Amino acid sequence: MTDSHARRLAEEALTKLDLRQRVAQMTQVEKNSTTPEEVRREGYGSVLSGGGGSPTPNTSEAWRDMVDAFVEASTKSRSGIPIVYGVDAVHGHNNMVGATIFPHNIGLGAAGDEDLARRIARATARETSATGIRWTFAPALSIPLDVRWGRSYESYGQDPDLVARLAVATVQGFQGDDLSRPDALLACVKHFVADGAIRYGSSRRVDRDALDQAADDAALANAGSHEAFLERVARGAWMLDQGDAEGSEALLNEVFLPPYQATLDAGVLNVMASYSSWNGIRMHAHGDLLTHLLKDTWQFPGFIVSDWEAIDQLSDDPAQAVALAINAGVDMSMVPYDGVRFIDTLVELVRSGVVPEARIDDAVRRILYTKARLGLLSEPAQVQRPNVDVVGSPEHRALAREAAARTPVLLENRGDLLPLRGTSGPLLVAGVAAHDVGLACGGWTITWMGEEGDITPGSTMVDGLREHHDVRYEPAGQGEARAEVGIVVLAEEPYAEGMGDRYDLNLSEEHLALVRRVRERVDRLVVVLYSGRPLVLGPVADLADAIVAAWLPGSEAAGVADVLLGHVPFQAKLRFVWPASSEGLPVHPFEGADGVVRKSDGRAAYLPGHGLTPSA
Ligand code: GLC
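The rules behind the values
- In every chain, residue numbers begin from 1 and rise along the written sequence.
- In view of the model being predicted, local features appear only for residues whose pLDDT reaches at least 70, and side-chain atom pairs are presented and counted only at 80 or more, with totals across whole chains, interfaces and linings using the full set of residues.
- As a rule here, side-chain values cover all heavy atoms of the structure and leave hydrogens and water aside.
- Strands are runs of DSSP state E lasting at least two residues, helices are runs of H or I lasting at least four, and both sets are numbered from the N terminus onward.
- For every residue, the accessible area obtained with a 1.4 Å probe (protein chains only) is divided by the maximum for its type, and the residue is called buried under 20%, exposed over 50%, and partly exposed between those limits.
- When at least one non-hydrogen atom of a residue lies within 4 Å of a molecule or strand, that residue is treated as near it.
- The definition of a polar contact used here is a pair of N or O atoms within 3.5 Å, where within protein one atom must be able to donate a hydrogen and the other to accept one, and adjacent residues in sequence count solely through side-chain atom pairs.
- What sets the accessible areas is the Shrake-Rupley method with a 1.4 Å probe; for residues, cover comes only from the shown protein chains.
- Under the convention adopted here, Pro, Cys and the residues Ala, Val, Leu, Ile, Met, Phe, Trp and Tyr are nonpolar, Asp, Glu, Lys and Arg are charged, and Gly plus all remaining residues are polar.
- Two strands qualify as a pair provided DSSP detects at least 2 bridges between them.
- Axis definition: a line fitted to C-alpha atoms, limited for helices to the stretch in contact. Angles are taken between N-to-C directions and run from 0 to 180 degrees.
- The contact rule is simple, with two residues in contact once any of their heavy atoms fall within 4.5 Å.
- The handedness of a crossover follows from its direction of travel: if, with the strands pointing away from the viewer, the path from the first strand over the helix to the second runs clockwise, the crossover is right-handed.
- For every domain, the bounds stem from an assignment made automatically or drawn from a database.
- Note on definitions: buried area is the accessible-area loss of two parts on being combined, 1.4 Å probe, summed for both.
- Throughout this description, the term salt bridge denotes a Lys or Arg side-chain nitrogen within 4 Å of a carboxyl oxygen of Asp or Glu.
- By construction, the arc corresponds to the directions joining the helix axis to the C-beta atoms.
- Angle categories: roughly parallel below 35 degrees, roughly antiparallel above 145, roughly perpendicular from 65 to 115, and oblique for all the rest.
- Crossing handedness follows the turn of the near helix against the far one: under a right angle anticlockwise gives a left-handed crossing, and clockwise gives a right-handed one.
- In this analysis, the protein atoms alone were mapped onto a 1 Å grid. Cavities are point sets where a 1.4 Å probe fits without being able to get out; pockets are open sets with protein on both sides within 12 Å along at least five of seven lines; lining residues have an atom within 4 Å of a point.
- Grid points are joined across faces, edges and corners, and a volume is the space filled by probe spheres set on the points.

## Side note on the environment of aspartate 542
And step 1. With respect to the element layout, aspartate 542 can be found in helix H19 (residues 540-543).
And step 2. In this structure aspartate 542 comes out as exposed when scored by relative accessible area, which is 67%.
And step 3. Distance in space between the C-alpha atoms of aspartate 542 and leucine 525 is 11 Å, their sequence separation being 17 residues.

So, in structure tokens, the structure goes:
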């Protein structure tokens with residue numbers, strides 16, 4: 001599909017649409033809030049699954065049948081224009097049971113390997129497109145300044161050049177050589193812009209003086225019970241996410257914008273606006289950055305999608321909120337609950353002159369151009385989409401295991417304990433996460449926040465160790481017998497977005513007690529962290545002989561055993577400033593914002609670039 005052909009198809013389609021049909025193309029609804037019949041009747045532009053938006057049963061066949069039903073219905077709408085179905089495939093087709101779950105971006109950043117990132121994105125594209133989905137809301141280009149933010153693990157690191165390189169590789173993997181192929185995914189770079197620069201305490205997503213009202217908030221209800229929500233708020237949930245970011249023009253131009261320029265140059269056609277604000281202006285209403293910079297100056301040819309319900313946050317008056325966002329440059333609204341109301345509102349805004357019809361035409365032209373590039377406006381490609389038996393294939397699981405082995409960073413290694421060689425006796429392994437797929441995957445896995453347990457097929461670190469060693473696995477380190485070597489895995493509980501914001505980064509008392517219990521019983525001790533961000537080591541720094549940051553290794557965490565045993569060499573590097581304590585946060589390497597740390601001072605335990613590389 002050439003650019004000129006796509007433009008021609010888009011123009012031809014646009015001229016056939018009346019105002020309501022054009023506005024319908026700007027409308028994206030979530031799958032539980034609509035039906036194929038409504039999609040046919042209204043002619044929506046897109047349907048999405050939010051985090052955990054799976055069919056029942058949660059199988060690849062059911063996903064494929066659900067998506068095909070929506071797409072088929074859309075082709076029967078008055079316009080006949082197919083929807084494009086979107087999903088957060090951020091570390092594999094991660095809402096779907098049985099999909100290969102790759103390490104989260106924080107681990108891929110530590111590995112720093114573009115080819116690995118590209119291969120993972122290509123495998124993800126094949127598993128996702130096998131279910132009829134052609135759009136992923138990934139990669140995130142986030143650069144967190146304060147890792148108390150619950151989205152830190154979606155970032156490759158505090159290094160704009162690294163983020164740009166890995167994001168470009170990921171976009172190339174998703175989109176392939178020809179975006180019109182049925183196994184190509186439309187990539188989405190997010191959240192534009194400076195989503196990670198939010199200031200601690202600036203989030204207004206949750207009113208801490210009226211927490212009971214949150215029980216009625218459909219998005220927050222995704223946290224499970226209201227009690228579970230209150231428990232997370234008590235630890236700092238929603239202190240940062242969707243808050244206010246501020247910084248110098250230099251910081252914007254040298255840190256946050258370059259990865260977007262790089263991915264636009266690499267042919268990305270979709271950008272998601274950030275919930276956050278930049279220097280006092282909400283990004284969804286930021287005409288200077290959304291339109292004058294992205295579209296006019298950079299000549300971005302694709303379309304901007306809003307985030308989930310983000311437009312509603314712009315004003316208490318729904319019509320004013322829509323007008324602010326669309327006039328600022330948002331092209332498609334992730335409404336996501338009431339598509340008809342959004343269409344009615346925007347049609348009325350155009351009729352009353354508040355939103356120029358030319359703005360609607362620009363938005364729809366961009367959406368249709370992108371759909372044409374995806375091959376959705378022309379005859380189906382001769383190439384068939386992948387069969388669902390590609391999902392969780394041995395080849396993809398081997399790739400995920402390779403990635404899980406190449407993402408851990410070796411922080412400390414006293415007495416060259418690692419890699420474990422010639423250790424004869426049984427290994428004492430403690431910590432639930434050592435043998436738990438859910439904790440190894442983290443957030444955005446099967447459900448929005450992820451959860452502990454056998455949530456999807458996979459392999460664990462214990463499985464990997466047992467391929468070569470006698471392993472005594474004690475989830476709570478509750479035994480008595482001594483061992484030459486002990487390995488304790490400490491994991492954060494899974495979280496997503498603002499649910500993962502925290503007041504501090506300290507390891508828990510339970511974590512410390514477990515390490516102390518095992519320390520008493522072994523000659524040498526390895527501590528492995530499964531976390532979405534750097535954590536304050538505290539006493540663990542002295543109790544352990546070796547310390548490994550394994551991040552969130554995914555469904556094939558047997559790969560962590562591969563690097564501990566020396567089958568794969570430690571090569572990964574830190575891409576974040578690692579805080580020495582929870583006092584004096586944030587810490588990051590950038591001039592132009594509070595918290596810059598450029599050398600080893602009391603605030604940083606380790607700096608970006610740290611990572612020991614013992615001979616395998
Ligand atoms: C969420 C996230 C965004 C995601 C979208 C759809 O709120 O902010 O990253 O792509 O909604 O799930």
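Next comes the rest of the write-up.
## Quick notes on the site of the ligand
And step 1. Within the structure, the ligand sits among 14 residues, and Asp88, Arg151, Lys190, His191 and Asp307 are positioned closest to it.
And step 2. Between the ligand and the protein, one listed contact pairs an oxygen atom with a side-chain N or O atom of aspartate 88 at 2.5 Å.
And step 3. About the coverage of the ligand: the protein hides 96% of its 310 Å² of free accessible area.
And step 4. Class assignment of the residues belonging to the shell around the ligand gives a composition of 7 nonpolar, 2 polar and 5 charged.

## As for the sheet that holds strand E14 (residues 471-474)
Where strands meet in a sheet, backbone hydrogen bonds hold them as pairs that are either parallel or antiparallel.
And step 1. Here 6 strands make up an open sheet; going across it, the order is E12-E17-E16-E15-E13-E14 and the pairing mixed. The sheet is open, and its two edges are formed by strand E12 (409-413) and E14, each paired on a single side. Strand after strand, the sheet turns through a mean of 20° between neighbouring axes, direction not considered.
And step 2. Sheet contacts for helix H18 (residues 509-519): strand E13 (427-430), strand E15 (483-491) and strand E16 (522-530); angle to E16, the most-contacted strand, approximately 155°.

## Looking at the pairing of strand E2 (residues 46-49)
And step 1. Going residue by residue along E2, you find Ser46 and Leu48 tucked away on one face and Val47 and Ser49 tucked away on the opposite face as well.
And step 2. Summarising the sheet, strand E1 (residues 27-30) and E2 pair through 3 bridges and their orientation is parallel. Its bridge partner lying in E2, glutamate 30 is registered against leucine 48.
And step 3. Regarding the hand of the β-α-β motif, the stretch spanning E1, helix H3 (residues 36-42) and E2 is right-handed.
And step 4. As paired elements, E2 and strand E3 (residues 84-87) share 4 bridges and run parallel to each other. Paired with serine 49 across the bridge in E3 is valine 87.
And step 5. Handedness of the crossover is the feature at issue here: the chain leaves E2, passes through helix H4 (residues 60-75), returns alongside E3, and the resulting connection is right-handed.

## Considerations on the domain arrangement of the protein chain
And step 1. Along its sequence, the protein chain is carved into domain 1 (3-203 + 238-389) and domain 2 (393-606).
And step 2. In this structure, domain 1 and domain 2 have C-alpha centres spaced 32 Å apart.
And step 3. At the interface, 63 residues of domain 1 touch 56 residues of domain 2.
And step 4. Summing both partners gives a buried area of about 4500 Å² for domain 1 against domain 2, and 61% of it is carried by carbon and sulfur.
And step 5. Here domain 1 and domain 2 share 3 salt bridges between them.
And step 6. With a closest N to O distance of 3.8 Å, arginine 151 and glutamate 497 form a salt bridge.
And step 7. One can count 34 residue pairs in polar contact (both at pLDDT 80 or more) joining domain 1 with domain 2.
And step 8. Within the residue set of the side of domain 1 that touches domain 2, elements represented by two or more residues are helix H5 (105-111), helix H6 (114-129), helix H7 (160-175) and helix H9 (249-256).
And step 9. Of the residues belonging to the side of domain 1 that touches domain 2, the class tally is 30 nonpolar, 21 polar and 12 charged.

## Quick notes on the sheet that holds strand E9 (residues 281-282)
And step 1. Judged by pairing direction, the sheet is mixed, and its 3 strands sit side by side in the order E6-E8-E9 without closing on themselves. The open sheet terminates on both sides in strands that have one partner only, identified here as strand E6 (244-245) and E9.
And step 2. Of the pairings in the sheet, the one linking strand E8 (residues 277-278) to E9 comprises 2 bridges and is antiparallel in character. The residue bridging serine 277 from the neighbouring strand is arginine 282, located in E9.

## A closer look at helix H8 (residues 226-233)
Along an α-helix, residues three or four apart share an orientation, since each turn contains 3.6 residues.
And step 1. Among the residues of H8, those classed as buried are Phe229, Arg232 and Val233. Across the axial projection of H8, the buried residues extend over an arc of 100°, all falling on one side.

## Side note on the packing of H7 against helix H10 (residues 258-265)
And step 1. Two elements in contact, H7 and H10, have axes separated by 8 Å at closest approach and are oriented at 25°. Compared by their axis directions, H7 and H10 come out roughly parallel. The chirality of how H7 crosses H10 is right-handed. Across the interface between the two elements, Pro160, Val163, Ala164, Ala167, Val168 and Val171 from H7 touch Pro259, Ala262 and Thr263 from H10.
And step 2. Considering only residue class, the contact of H7 with H10 consists of 8 nonpolar, 1 polar and no charged.

## A short note on the side chain of glutamate 38
And step 1. Among the secondary structure elements, glutamate 38 is positioned in helix H3.
And step 2. Judged by relative accessible area, which is 17%, glutamate 38 ranks as buried.
And step 3. Engagement of the side chain of glutamate 38 in a polar contact is seen with the side chain of tyrosine 44, the distance being 3.1 Å.
And step 4. Aside from chain neighbours lying at most four places away, what touches glutamate 38 is Ser33, Gly43, Tyr44 and Val340.

## Some points on empty space enclosed by the protein
And step 1. The final tally for this structure, using the stated rule, is 4 cavities of 30 Å³ or more.
And step 2. A volume near 110 Å³ is recorded for the largest cavity.
And step 3. Counting only elements with at least two residues in the lining of the largest cavity, the list comes to H5, H6 and H7.
And step 4. With 4 residues, the top contributor of residues to the lining of the largest cavity is H6.
And step 5. Along its surface, the second largest cavity is lined by Trp149, Arg151, His191, Asp195, Ile198, Asp241, Gln242, Ser274, Tyr275, Ser276 and Asp307.
And step 6. Of the residues assigned to the lining of the second largest cavity, the class counts are 3 nonpolar, 4 polar and 4 charged.

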